[in-house]
Structure formats: C-alpha cells, structure tokens
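# Working through the structure, step by step
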Amino acid sequence: MSAPIASVPLADPSSLFLAYEEEIRTCARLGPLTDLACGRGRHALRAAEWGLPVIGLDRNREFLTELGRQSETGNRALHCLRADLESAPCLPLAPASCGVVLVFRFLFRALAPHIEELLAPGGLLLYETFLRTQNGSSGGPRNPAFRLALGELPSLFPGLETLEYQESSHEGWARLAARKPG
Ligand SMILES: C[S@@+](CC[C@H](N)C(=O)[O-])C[C@H]1O[C@@H](n2cnc3c(N)ncnc32)[C@H](O)[C@@H]1O
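In this report, we go over the structure that sits alongside the text. Every value quoted in this text rests on a predicted model; they were computed, and no experiment measured them. (Residues numbered from 1 in each chain as written. Predicted model: local features only at pLDDT ≥ 70, side-chain atom pairs only at ≥ 80, totals over all residues. Heavy atoms only, no water.)

## Regarding helix α4 (residues 61-73)
For the α-helix, the turn length of 3.6 residues means that residues three or four positions removed from each other point alike. Our working rule: Here a strand is any run of E in DSSP of at least two residues, a helix any run of H or I of at least four, and the numbering for each starts at the N terminus. By this rule the span expected of a helix is its residue count minus one, scaled by 1.5 Å. Relative accessibility under 20% of the residue-type maximum defines a buried residue, over 50% an exposed one, and the middle range a partly exposed one, all with a 1.4 Å probe and only protein chains included. Here, two residues are considered to be in contact whenever any of their heavy atoms come within 4.5 Å of each other. We call two N or O atoms a polar contact when they sit within 3.5 Å, provided that within protein one can donate a hydrogen and the other can accept it, with sequence-adjacent residues counted only if both atoms are side-chain atoms.
The end-to-end C-alpha separation of α4 is 18 Å, in line with the 18 Å expected for 13 residues at 1.5 Å each. Every buried residue belonging to α4 is among L64, E66, L67, G68 and S71, and all of these are buried. Of the surrounding elements, those touching the buried residues of α4 are α3 (44-49), β2 (54-58) and β3 (78-82). Its side-chain oxygen 2.9 Å from the backbone nitrogen of E62, N60 forms the N-cap of α4. Following α4 by one or two positions, N75 adopts a phi angle in the positive range, close to 55°.

Here it is, written out as structure tokens:
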C-alpha cells in the first residue's frame, strides 16, 4: 500500500500571472487555460478558483495526483493531464484549442512552435522562466541549456504579438505576455 501524499503548501502565483487576471479571464472564453509543466499547480489552481476551465499538464504523477485531489475538494473545473513535453509528438491537445497557455519555470525550446499552434486565435501566452545570467541563488536548473539567453524568449514565438516583455539579468528571470493574432 502506498503512503498517503502529504499536501505541500503552494508557492504564490507569479506577479505576471496576477497582473494579467482580467486578460486571462477574457481569453479563457476562447478555450481552456492550459498550464504546461504545471507542477503542484500554483497557477492552475488559482485559475480554477476563478471559475475558469483549466488543464494542468505535467510529467510528475505525484504532483498531478495531489492537484487532482485538491481540485476535487473545491469542485473546480481542473483537468489533470500527464505527458512528457520533451517527447514527440509534443502536445496531446488539439491545435487552436486553448484560450490561455501558461509556462512558468520550464524551458524546452522545441516546444515553442507547438505552443503557438495550441493557442486559439486571439489567445494569450504567459511565459516566465530563468535566464542564463542567474547566479543560482534563487533556484532553477543548473544546466545552461535549460535557461534563456538575454532577449531570447520573444524570439521563440515569431507568430505571436508581444504585449509585454521584461527581463532581469540581475535576478535571472524573463517574462513574456504575448497574443496570437485573431
Ligand atoms: C520548476 S517546476 C515549475 C512548476 C510550475 N510551472 C510553477 O511555476 O510553479 C518544473 C515542472 O516541470 C515539470 N517537467 C519537467 N520536465 C518535464 C517534461 N519533460 N514534461 C512535462 N513536465 C515536465 C516538472 O515535473 C515540474 O513540475
């Protein structure tokens, strides 16, 4: 018999996610919000609490089990999907089916065209992850291959319109809000 899974307190949602709440709510009318590499669901759960249809995708079975349990408790419209984002074909979701795509603290460059494809016309992408300049003090992968170069993030999405791009070489993060043309 497996041991019960202990609940781990969720980290706070990113300030980028919170700043785009209104836009997220609007775009979720185009299709569900999909949180790629959702982890324990700090964004997926919050979006589901807002009453939005949410898909949380990750390869970690334990995270998804806990996320599913929490969403059932709150009777939220959160669907958990287990998949490996680094294997082809990448996304087990229909093209143009998602109103909002979130990617936080995950980078697999070959996924970028599939993310563009996944968004419905008019859909919103919020992407935030680590820069190579980061000194390692605030976490993130050690392998530089899994960190962005300065200015790289918007260039991964040539088919999207950048709404906002910020990066902090000092703190080691980059943040992008972008829209798929309607
Ligand atoms: C640093 S956590 C970020 C979690 C969440 N996005 C957040 O910001 O709180 C990275 C997540 O990526 C997931 N992950 C890593 N490689 C993956 C892959 N190939 N396919 C799907 N998920 C993956 C891990 O299981 C983990 O949950």
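Once you've had a look at it, read on.
## A look at the site of the ligand
Quick reminder of the rule: It suffices for a single heavy atom of a residue to lie within 4 Å of a molecule or strand for the residue to be listed as near it. The nonpolar class holds Ala, Val, Leu, Ile, Met, Phe, Trp, Tyr, Cys and Pro. Asp, Glu, Lys and Arg form the charged class, and all remaining residues, Gly among them, are polar.
The environment of the ligand is formed by 15 residues, the closest being A37, R42, D58, D84 and F104. At a separation of 2.7 Å, a nitrogen atom of the ligand approaches a polar backbone atom of A37. Here the residues of the shell around the ligand are counted per class, giving seven nonpolar, two polar and six charged.

## Section: the nonpolar core
The cut-off we apply is this: Within this scheme, the nonpolar core is defined by two criteria: the residues are buried Ala, Val, Leu, Ile, Met, Phe, Trp, Tyr or Cys, and they are joined through side-chain atoms within 4.5 Å.
One finds L36, V101, I115, L125, Y127 and F157 to be the most contacted residues of the largest nonpolar core, which totals 30 residues. If near-sequence neighbours (up to four positions away) are discounted, I115 is found in contact with L36, L91, V101, V103, L125, Y127 and F157. Formed by 24 residues, the second largest nonpolar core is a distinct cluster that contains L64, L78, L102 and F104.

## With respect to the pairing of strand β5 (residues 119-130)
Let me state the cut-off plainly: Paired strands, in this sense, are two strands between which DSSP finds at least two bridges. Orienting the strands away from the viewer, one traces the path from the first strand over the helix to the second; a clockwise path indicates a right-handed crossover.
Taken across its 12 residues, β5 has 11 buried, putting it largely inside the fold. Both strand β4 (residues 98-104) and β5 contribute to a ladder of six bridges, which runs parallel. Bridged to C98 within β5 is L119. Crossover β4 to β5 through helix α5 (residues 112-118) is right-handed. Across seven bridges, the pairing between β5 and strand β7 (residues 173-179) is antiparallel. What sits directly across from Y127, in β7, is L176.

Honestly, it's all geometry; don't read function into it.
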